[in-house]
Amino acid sequence: MLKKIILLASGNGSNVENICRFFEHDDNIGVLGVFTNNPKAGVLKRIIPFGVKGIVFDRTRFTNGNLLQEIKTLNPDLIVLAGFLWKIGPDWVQAFPSKIINIHPALLPKYGGKGMYGRHIHKAVKENNEHETGITIHYVNEEYDKGDFIFQTTVPLSNQDQESDIANKIQLLEQQHFPKTIASLLYKDIDEI
Ligand code: GAR
């Protein structure tokens, strides 16, 4: 395996599942493991068919540096936050410059920051009668949802769209674009070797 991905997730895991499926038969890129802060997260079940290892950690291990140390020893080429809700510390950003990316289910800089995740975003988008929404894939820096953009795309909304419709549209965009964006980042490196 030339390029190794580590995934961090907190919940359902539809993005993690997609990424695992996308790279399942890729000889160059593979998923080393999925780290989650939530022992009940659906993501742990979703990765079983792919034989990908799931690792649960708690707040202490996350904040005292032990988890970062463990991840450093795995030497990943990319750390992907796929529905991961804890804030990444500056020690992580320094240890992995331009190697941590996040997906956000909105058109940043709108609907970003603390507390803005998942359905909270779709609710706000609906309440504001937005005519479009979308996804942003970006590098992670010290501030929530503020890192440089890698990819952004939009989807139109109609007045009839309810929160659940918005969520479905976003999930579709995530499925279409997240694994491909990860592949293009890593293949750019491979092509330069
Ligand atoms: C995804 O929509 C992702 O964009 C979002 O959480 C969802 C996780 O779904 N992330 C954030 O809101 C980060 N601020 P999943 O667990 O099914 O992949």
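Residues numbered from 1 in each chain as written. Predicted model: local features only at pLDDT ≥ 70, side-chain atom pairs only at ≥ 80, totals over all residues. Heavy atoms only, no water.

### Digging into the site of the ligand
Put simply, the rule reads: Note on definitions. A residue lies near a molecule or strand when any single heavy atom of the residue is within 4 Å of it. Between N or O atoms, a polar contact is any pair within 3.5 Å; within protein, one atom must be a potential hydrogen donor and the other a potential acceptor, and residues adjacent in sequence are included only when both atoms are from side chains. To measure how exposed things are, a 1.4 Å probe is used in the Shrake-Rupley method; for residues, cover is taken only from the protein chains shown. Comment: elements are numbered from the N terminus, with helices defined as DSSP H or I runs of at least four residues and strands as E runs of at least two.
With respect to spatial proximity, the complete set of residues near the ligand consists of Asn12, Gly13, Ser14, Asn15, Gly83, Ile103, His104, Pro105, Met116, Tyr117, Gly118 and Glu174. Serine 14 is positioned with one of its side-chain polar atoms (N or O) 2.6 Å from an oxygen atom of the ligand. One of the side-chain nitrogen or oxygen atoms of histidine 104 is found 3.3 Å away from a nitrogen atom of the ligand. Out of a free accessible area of 450 Å², the ligand has 87% covered by protein chains. If you list the elements that add at least two residues to the shell around the ligand, you get α1 (14–22) and β5 (100–104).

### Some remarks on the pattern of salt bridges
Our working definition: By definition here, a salt bridge exists when the distance from a side-chain nitrogen of Lys or Arg to a carboxyl oxygen of Asp or Glu is within 4 Å. The buried label applies to any residue whose accessible area, calculated with a 1.4 Å probe on protein chains only, is under 20% of its type's maximum; exposed applies above 50%, and partly exposed to all values in between.
Evaluated as defined, the whole model comprises nine salt bridges. In this structure, the salt-bridge partner of aspartate 189 is lysine 3, at a minimum N-O distance of 3.7 Å. Of this pair, aspartate 189 sits in helix α7 (residues 163–192) while lysine 3 sits in strand β1 (residues 3–9); the two residues are 186 residues apart in sequence, bridging distant segments of the chain. Aspartate 189 sits in the partly exposed class, given a relative accessible area of 34%. Notably, a salt bridge pairs lysine 169 with aspartate 161, separated by 2.8 Å at the nearest N-O pair.

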